[in-house]
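Analysis of the macromolecular model
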Amino acid sequence: MNRTYYIAGNWKMHKTRSEAAELAKALVAQLKDGKHKYLVAPTFTSLETVAAIVKGTNIRLGAQNMAAEEQGAHTGEVSVLQLKDLGVQTVILGHSERRHVYKEDDALVNKKVKLALQHGLEVILCVGETLEEREAGKAEAVCETQTVKGLLGVAAGDLERVVIAYEPVWAIGTGKTATPEDADAIHAYIRKVAGKLYGEDAAQRIIIQYGGSVKADNAVQLMAKDNIDGALVGGAALKADSFVPIAKFS
Ligand code: 13P
């Protein structure tokens, strides 16, 4: 199965608008002949600025989170309608920092997933176990639960707009990467779970990114694995010099 590699940069809570613009311009210039699918996800405050720069290029615009409600009295939240208005095409949901620092549970993540899909957005659904869960032998079970509950009620026809990102919590921002073998095993397991839910064909088509200390020097080995279809990059996505080599791996 030939799946398109999908390399995404999650800028997290970094960069002012001018810094975001500078990075976006550099990526547009340096990735214009890139062969893979690309996305950048700036903070909310930089979305409009970056939207103008990536519009019409081969780089998609992503948001890092979204409210579970369409609109209303939700102080501090950002709605799907507002994201779409800015040209956002993709939303990252269930990131481990949302789950573990801001206590988002599977039911909330699922509500967001369905709302985003209903409004035509692409979703990157993040799953992944903590170190404690891995050491207790629960990595697969945790990823299965987060996948199944995250996709609850998602129609088969919408699955082509769903990307799964496997981000083991212990590998995020720590410099520790899952070995390509360990990551691939979890990716294969998640694909199996998707197969049980949507059938083997759909499972073979679904893009599963790996995230957690991806750098230029480990990207190739990770991407070489059968079930690893791209990367969701944090720290190394903050500079063109470190992101472009990942994005242009071959
Ligand atoms: P790092 O690449 O900094 O480990 O972050 C990964 C991540 O959380 C991307 O969403």
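Here is a short report on the structure shown in this document. (Residues numbered from 1 in each chain as written. Predicted model: local features only at pLDDT ≥ 70, side-chain atom pairs only at ≥ 80, totals over all residues. Heavy atoms only, no water.)

Among the structural elements, Ser 46 can be located in the loop between β2 (37-41) and α2 (47-54). Excluding residues that lie within four positions of it along the chain, Ser 46 makes contacts with Lys 15, Thr 16, Arg 17 and Ala 20. (Helix = DSSP H or I, 4+ residues; strand = E, 2+ residues; numbered from the N terminus. Contact = heavy atoms within 4.5 Å.)

This part covers the pairing of strand β6 (residues 162-166). Most of β6 sits inside the fold, with 5 of its 5 residues counted as buried. Here β6 shows no split at all, with Val 162, Ile 164 and Tyr 166 on one side and Val 163 and Ala 165 on the other all buried. Here β6 pairs with strand β7 (residues 207-211) via 4 bridges, running parallel. Its bridge partner lying in β7, Val 163 is registered against Ile 207. (Buried < 20%, exposed > 50% of the residue type's maximum accessible area, 1.4 Å probe, protein only. Pairing = 2+ DSSP bridges.)

We now examine the site of the ligand. Not every one of the 13 residues close to the ligand is listed here, only the nearest: Lys 12, His 95, Gly 173, Ser 213 and Gly 235. In this structure, Gly 234 approaches the ligand through a main-chain N or O atom, which is 2.9 Å from an oxygen atom. Note that an oxygen atom of the ligand is positioned 2.8 Å from one of the backbone N or O atoms of Gly 235. Taken by itself the ligand offers 310 Å² of open surface, and the protein chains cover 96% of this. The residue makeup of the shell around the ligand, split by class, is 4 nonpolar, 7 polar and 2 charged. (Near = heavy atom within 4 Å. Polar contact = N/O pair within 3.5 Å; in protein donor to acceptor, adjacent residues only side chain to side chain. Areas by Shrake-Rupley, 256 points an atom, 1.4 Å probe, with all protein chains shown as cover. Nonpolar A, V, L, I, M, F, W, Y, C, P; charged D, E, K, R; others polar.)

Moving on, we come to the layout of surface pockets. A water-sized probe rolled over the atoms picks out the places where empty space is left. Of the voids in this model, the largest pocket is the one considered here, and its volume is about 470 Å³. Taken together, 19 residues line the second largest pocket, and the ones lying closest to its centre are Leu 159, Glu 160, Arg 205, Ile 206 and Ile 207. If you list the elements that add at least two residues to the lining of the second largest pocket, you get β6 and α9 (200-205). Taken together, the residues that form the lining of the second largest pocket break down as 10 nonpolar, 2 polar and 7 charged. (1 Å grid on protein atoms, 1.4 Å probe; cavity = no way out; pocket = protein on both sides within 12 Å on 5 of 7 lines; lining within 4 Å. Points joined across faces, edges and corners; volume = space filled by probe spheres on them.)

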